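# Understanding the architecture of this molecule
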Amino acid sequence: MTAIISAKSVSYHYPDEKGDALHDLSFDVKQGDWVAVVGHNGSGKSTLAKAIDGLLDFNDGEIFIDGRLIQEDNIWDIRRKIGFVFQNPDNQFVGATVADDVAFGLENRHVPRTEMITKVNEALTMVGMSEFADREPATLSGGQKQRVALAGVVAMRPEILILDEATSMLDPEGRETILTLLKQLRQQYHLTVLAITHDIDEAAMADHILLIDDGRLVDQGTPAEILTQGDRLLELGLDVPFGEKVKRALQDELQVPKEYMNSNRMVDWLWQKLNLTK
Amino acid sequence: MAEIEFNQVGFVYQPGTPFEATALTDINLTIESNTYTAIVGHTGSGKSTLIQLLDGLLKPTSGSVTVGKITVGHDSSNQQLAKLRQHVGIVFQFPESQLFEETVLKDIAFGPKNLGKTNEEAEQLANQAMRLVGLDASLASHSPFELSGGQMRRVAIAGVLAMQPQILILDEPTAGLDPRGQREIMELFAQLQQQQQLTVILVTHQMEDAAKYADQVVVMNHGAVVKTGAPREIFIEPKWLQANHLMVPKTTAFAQALQHHGFKFDPFPMTVAELTAQVSQQLESGAQ
């Protein structure tokens, strides 16, 4: 197994605050995995993302990206491997038009103009926004803005994509489009995705979940391992996926399965149960 | 008693210019006093324009809007519009971005002071509002910017409540909060609506919240009200919801899937509790 991100005993506290924002975090992220970092607001998820992007001078511990320890002399090199998408795309826009905005990162890397035009067009096509190339970003809907932000990041060909609550401000339709798009991009570019979220349905899509509370890694595992712990999820300020919610509501009356049940499995199980009674 | 009436309301942005855009057409809508109404519809369906008309931030281009005893039309003066605002409090999206005072108490007291209350009266109202939203009194002297996201939102909501509106409009009030924060804030509004006898209007994309809390659901599409009714009447038709770009609540989708497999529901469930009660009953009665 190659770990593309490897954190070893990482701790950090903000200068003016008591207590650690991150406390002794260790974990590995496998290349090509979609990893959900789940925790309530203020649990330290975003601080962790900053640490991985080398934006944080953490107090203790080490983070390796693709086997290389993040240090001052290689931080710019390492950061090239990482693309960051934030919650509010408005905080990320700099260009006067959609195309300018996508070009911004490439310009910073001195990509020649002809190559840049090709790359910008490619990126906009990929996210389905090419017909909006000359529009002002401010005139777009939330979902469209987030697609442009993604185009800007993907145009830089990162190996790791960090999504910091990238869908939390979108309406349900916008959310679904972005998530579908992300799945496609991940396949196409063999991206490793680290998705910070408190949306439990989004976490259910991941290969692996890191459960964070008060800056500590309190558990990790597959969705099936984490999402069956309903009481604990609620205690941590999170939610329970719908299938599990139904299962929990029935457990006093019925002998329900122990394993993780998404909505479809739960429907099938109840159907079989109904047939048995006939 | 009808608290709010939209009578053939139309609204056009920048009429007579090349940028003319029709936002609302022929809106007829009655909202009874002391009820909970959810307004749903996809982005751009006219929800925001509708609530801005209610708060007197916009004037109807045609037709009239009545709130309590005040009616405004296209020829109403700004003073008349301002009168509407005294009855209506709006909690905008991400309301914490509007916090600005040095202390929590001062921030909450700002609204009532603006309405002409004395310092003392305003602070009293602010203290009361803090209790209503469940903010501990010890936080009064803190800077609102030291608080957590959920607490900051409570401060912003208290600031609206301190103005003692009869109508409370909530524009996506839980956006950006984590699940616990979302649950707490939605429960808070349900409680306030009951205890303070408020008329609550919730603008939301969360169909689960509309199904769970609203007495009446108003569905908007292309600047028109396409359907109004109790949640059960609205959320029972997934195909119709999808055609209007609305998500099907998870409970509805689940119950429909069970129906295809031989379960029967009457009444159609709107919450997980209603759903599972009927499911276990059918499993038991079948077993006997």
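The shown structure was predicted, so the numbers you read here are calculated from the model rather than taken from an experiment.

## Quick word on the pairing of strand S1 (residues 3-12) of chain A
Residue and element names in this part refer to chain A.
- Burial analysis of S1 places seven of its ten residues in the buried class, the great majority of the element.
- Bridge count between S1 and strand S2 (residues 22-30): six bridges; the pairing is antiparallel. For Tyr12, the partnering residue across the bridge sits in S2 and is Leu22.
- Of the pairings in the sheet, the one linking S1 to strand S4 (residues 60-65) comprises five bridges and is antiparallel in character. Directly across from Ser6, in S4, lies its bridge partner Phe64.

## Here's the deal with helix H5 (residues 142-154) of chain A
Residue and element names in this part refer to chain A.
- Here H5 spans 18 Å end to end across 13 residues, near enough to the 18 Å set by a 1.5 Å rise per residue.
- Judged by how many residues are buried, H5 sits mostly within the fold: twelve of 13 residues are covered.
- For H5, the full list of buried residues reads Gly143, Gln144, Lys145, Gln146, Arg147, Val148, Ala149, Leu150, Ala151, Gly152, Val153 and Val154.

## Notes on the interface of chain A and chain B
- Counting from both sides, the interface comprises 33 residues of chain A and, opposite them, 31 residues of chain B.
- A combined buried area of about 2,800 Å² lies between chain A and chain B, and 68% of that area is made up of carbon and sulfur atoms.
- The largest contributions to the chain A side of the interface with chain B come from Phe242(A), Val267(A) and Leu274(A), which together make up 21% of the buried area.
- In this assembly, chain A and chain B are joined by two salt bridges.
- Notably, a salt bridge pairs Lys250(B) with Asp201(A), separated by 2.7 Å at the nearest N-O pair.
- Here chain A is connected to chain B by eight residue pairs in polar contact (both at pLDDT 80 or more).
- Counting only elements with at least two residues in the side of chain A that touches chain B, the list comes to helix H6 (172-189), helix H9 (230-235), helix H10 (242-250) and helix H11 (263-277) of chain A.
- Considering every element that reaches the side of chain A that touches chain B, the biggest residue donor is H11(A), with nine residues.
- Of the residues assigned to the side of chain A that touches chain B, the class counts are 15 nonpolar, eight polar and ten charged.

## Remarks on the sheet that holds strand S3 (residues 34-38) of chain A
All names here are of chain A.
- The strand order across the open sheet formed by six strands is S6-S7-S8-S3-S9-S10, and the pairing between neighbours is mixed. Only two strands of the sheet have a single partner each, and these edge strands are strand S6 (82-85) and strand S10 (216-221). Neighbouring strand axes in the sheet, compared pairwise and without regard to direction, differ in orientation by 20° on average.
- Inspection of the sheet shows S6 paired to strand S7 (residues 160-164) by four bridges, in the parallel sense.

## Focus on the pairing of S3(A)
Residue and element names in this part refer to chain A.
- Counting buried positions along S3 gives five out of five residues, so the element sits mostly inside the fold.
- Of the two faces of S3, the one carrying Trp34, Ala36 and Val38 and the one carrying Val35 and Val37 are both buried.
- Across five bridges, the pairing between S3 and strand S8 (residues 192-197) is parallel. By the bridge assignment, Ala36 is partnered in S8 with Ala195.
- Bridging between S3 and strand S9 (residues 208-213) involves four bridges; their strand directions are parallel. Bridging from a neighbouring strand, Val37 pairs with Leu210 of S9.

## A closer look at the packing of helix H5 (residues 149-161) of chain B against helix H6 (residues 179-195) of chain B
Residue and element names in this part refer to chain B.
- Two numbers describe how H5 lies on H6: the axes approach to 12 Å, and their chain directions differ by 15°. In this view, H5 runs roughly parallel relative to H6, as classed from their interaxial angle. Note on packing geometry: the crossing formed by H5 with H6 is right-handed. Contact with H5, carried on its side by Arg154, Ile157 and Leu161, involves Glu184, Ile185, Leu188, Phe189 and Leu192 of H6 and no other residues of that element.
- Tallied by class, the residues present in the contact of H5 with H6 amount to six nonpolar, no polar and two charged.

## Comments concerning the UniProt feature "domain: ABC transporter" (unreviewed entry) in chain A
- Under the local residue numbering, the UniProt record ascribes the feature "domain: ABC transporter" (unreviewed entry) to residues 5-239 of chain A.
- From the first C-alpha to the last, residues 5-239 of chain A spans 27 Å; its make-up is 36% helix and 24% strand.

## Regarding the packing of aromatic side chains
- Summed over all chains, the structure comprises seven aromatic pairs over all chains.
- Centroid distance Phe84(A) to Phe86(A): 4.8 Å. Interplanar angle 15°. Geometry classified as stacked.
- Plain terms: the ring middles of Phe100(B) and Phe110(B) are 5.0 Å apart, the flat faces sit at 85° to each other, and that makes the pair edge-to-face. Remark: Phe110(B) occurs in helix H3 (residues 104-114) and Phe100(B) occurs in the loop between strand S6 (88-91) and H3; sequence separation between them is ten residues.
- By relative accessible area, which is 46% here, Phe100(B) ends up partly exposed.
- In this structure Phe110(B) comes out as partly exposed when scored by relative accessible area, which is 38%.
- Directly above the aromatic system of Trp76(A) lies the positively charged group of Arg79(A), at a separation of 4.8 Å from the ring centroid.
- Its guanidinium or amino end placed over the ring of Trp240(B), Lys227(B) lies 4.3 Å from that ring's centre, counting from NZ or CZ.

## Brief notes about the nonpolar core
- Counting residues in each nonpolar core, the largest one holds 73 residues, and the members touching the most others are Leu270(A), Ile108(B), Leu168(B), Phe235(B), Phe254(B), Leu258(B) and Val279(B).
- For this core, the element with the highest residue contribution is H5(B), accounting for seven residues.
- Residues contacting Phe235(B), with those up to four places away along its chain left out, are Met207(B), Ala210(B), Ala211(B), Val217(B), Leu241(B), Pro249(B), Thr252(B), Phe268(B) and Met270(B).

What counts and what doesn't
Residues numbered from 1 in each chain as written. Chains lettered and ligands numbered in written order. Predicted model: local features only at pLDDT ≥ 70, side-chain atom pairs only at ≥ 80, totals over all residues. Heavy atoms only, no water. Buried < 20%, exposed > 50% of the residue type's maximum accessible area, 1.4 Å probe, protein only. Helix = DSSP H or I, 4+ residues; strand = E, 2+ residues; numbered from the N terminus. Pairing = 2+ DSSP bridges. Expected span 1.5 Å × (residues − 1). Contact = heavy atoms within 4.5 Å. Buried area = accessible area lost by both parts, 1.4 Å probe. Salt bridge = Lys/Arg side-chain N within 4 Å of Asp/Glu carboxyl O. Polar contact = N/O pair within 3.5 Å; in protein donor to acceptor, adjacent residues only side chain to side chain. Nonpolar A, V, L, I, M, F, W, Y, C, P; charged D, E, K, R; others polar. Axes fitted to C-alpha atoms, helices over the stretch in contact; angles between N-to-C directions. Parallel < 35°, antiparallel > 145°, perpendicular 65-115°, else oblique. Left-handed = near helix turned anticlockwise from the far one by under 90°. UniProt positions renumbered as here; feature names shortened; annotations may be inferred. Phe/Tyr/Trp six-rings, centres within 6.5 Å; stacked < 30°, edge-to-face > 60°. Lys NZ or Arg CZ within 6 Å of the ring centre and 35° of its normal. Core = buried A, V, L, I, M, F, W, Y, C linked by side-chain atoms within 4.5 Å.

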